Amino acid sequence: MKILVPVKRVVDANVKIRVKPDGSGVDTANVKMSMNPFDENALEEALRLREAGTATEVVIVTVGSEKSAETLRAGLAMGADRAIHVKTEAPRIEPLAVAKVLKAVIASEAPDLVILGKQAIDDDNNQTGQMLSALLGWPQATFASKIVIGAGTIDVTREVDGGHETLRLALPALVTADLRLNEPRYASLPNIMKAKKKPLDETSPETLGVDIAPRLTVLKTTEPAGRTAGIIVASAEELAAKLKQAGVL
Ligand code: AMP
């Protein structure tokens, strides 16, 4: 079984986001970038399936700039077998464009399973997996917290409001990973060295025949409103009075 894991380079989860002064987007200059955290879960799961002998090959793919190669090297260091870089310097690549590119990659790679992250933490779209499954006509299970491979099927437990739901999908299928799926590993130093020699193929949206021109226009990006200062009350009575005054009680 071959598994394809799409991974995205995003602003590191620990970085405080700054909006560009002209409101045109988020400032990514000189900011630490990392693999999208949910993609680490997706990759970790694929690696565990390979280590369990269920999968034979784990291929990672990214659609992005020259610098996204760093993310692919990080994924190879975690343990992926090879990588595909769909290179583009386009400043914005919408989920539909990514899904179309991934569909083209899937046409030549023919994986049995595609595991994506449930959402990229930069734009919080939560769309690419769903769009890709529709374009492929494959079954999908989103927000996976557990995956069990059967004979030609996959059982996916997904997090839903107030509980869990388990779906059985026929392979080939598409899954999106939630944080609780697993605890991603860190790359060891020997694996970081080994990753430098692993195959990393390059292609482009044009070579794949995909138009990635944006369909949407970003009108404005703004910082969240700052919190106003709180006040300290002297007693429970004063608190109750203030809540009553505010109409909360
Ligand atoms: P989104 O729909 O943008 O929230 O992204 C959901 C998932 O799609 C991510 O967690 C990745 O697995 C995948 N994805 C999104 N953008 C890219 C990209 N540029 N390259 C590769 N995979 C991507």
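Here is a short report on the structure shown in this document. (Residues numbered from 1 in each chain as written. Predicted model: local features only at pLDDT ≥ 70, side-chain atom pairs only at ≥ 80, totals over all residues. Heavy atoms only, no water.)

### Observations regarding the overall build of the protein chain
Broken down by element type, the protein chain carries six helices and 11 strands. When its C-alpha atoms are laid out on the principal axes, the protein chain stretches across 65 × 45 × 40 Å. Partitioning the contacts of the protein chain with sequence separation of at least 6, the portion at a separation of at least 24 is 70%. When the accessible surface of the protein chain is split by element, carbon and sulfur atoms take 54% of a total near 13,800 Å². Averaging the coordinates of the 31 positive side-chain charges in the protein chain and doing the same for the 32 negative ones gives two points 2 Å apart. (Helix = DSSP H or I, 4+ residues; strand = E, 2+ residues; numbered from the N terminus. Contact = heavy atoms within 4.5 Å. Areas by Shrake-Rupley, 256 points an atom, 1.4 Å probe, with all protein chains shown as cover. Lys, Arg positive; Asp, Glu negative; His and termini not counted. Charge placed at Lys NZ, Arg CZ, Asp CG, Glu CD.)

### Let's talk about the pairing of strand β6 (residues 113-117)
Counting buried positions along β6 gives five out of five residues, so the element sits mostly inside the fold. Here β6 shows no split at all, with Leu-113, Ile-115 and Gly-117 on one side and Val-114 and Leu-116 on the other all buried. As paired strands, strand β1 (residues 2-6) and β6 are joined by two bridges and run parallel to one another. Following the sheet pairing, Leu-4 is matched in β6 by Val-114. (Buried < 20%, exposed > 50% of the residue type's maximum accessible area, 1.4 Å probe, protein only. Pairing = 2+ DSSP bridges.)

### Looking at the environment of Asp-123
Looking at the element boundaries, Asp-123 is found in the loop between β6 and α4 (128-136). Classification of Asp-123 as partly exposed rests on a relative accessible area of 49%. Along the chain, Asp-123 and Asn-191 lie 68 residues apart, while their C-alpha atoms are 31 Å from each other.

### As for the site of the ligand
In the neighbourhood of the ligand, 17 residues make up the surrounding shell, with Pro-6, Asp-39, Ala-120, Asn-126 and Thr-128 lying closest. Between the ligand and Pro-6, the relevant distance is 2.8 Å, taken from an oxygen atom to a main-chain nitrogen or oxygen of the residue. One nitrogen or oxygen atom from the side chain of Asn-36 is found 3.0 Å from an oxygen atom belonging to the ligand. Alone, the ligand offers 490 Å² of accessible surface; in the complex the protein occludes 98% of this. Among the elements that line the shell around the ligand, the one with the most residues is strand β4 (residues 57-64), at three residues. (Near = heavy atom within 4 Å. Polar contact = N/O pair within 3.5 Å; in protein donor to acceptor, adjacent residues only side chain to side chain.)

### Re the pattern of salt bridges
For the structure on display, the rule yields 20 salt bridges. A salt bridge links Glu-44 to Arg-48; the shortest N-O distance between them is 2.7 Å. A residue pair is termed a helical-turn pair when its members lie 3 or 4 positions apart in one helix, as Glu-44 and Arg-48 do in helix α1 (residues 37-51) at four residues. Overall, the relative accessible area of 3% leaves Glu-44 in the buried class. Arg-158 is the partner of Glu-165 in a salt bridge, and the nearest nitrogen-oxygen pair spans 2.8 Å. For Glu-165, a relative accessible area of 31% gives the class partly exposed. Ionic contacts of the salt-bridge type, sharing partners, join the residues Lys-2, Glu-57, Arg-82 and Glu-109 into one network. (Salt bridge = Lys/Arg side-chain N within 4 Å of Asp/Glu carboxyl O.)

### Remarks on the side chain of Ser-133
Within the secondary structure layout, Ser-133 lies in helix α4. Residue classification places Ser-133 among the buried residues on the basis of a relative accessible area of 4%. Ignoring sequence-local partners within four residues, the contact set of Ser-133 consists of Trp-138, Gln-140 and Leu-174.

### Points about the pairing of strand β9 (residues 163-170)
Relative to β9, strand β8 (residues 153-160) is paired through eight bridges, and the arrangement is antiparallel. Along β9, the bridge assignment pairs Val-156 with Leu-167. The turn linking β8 back onto β9 is made up of two residues, and Gly-162 within it adopts a positive phi angle of 75°.

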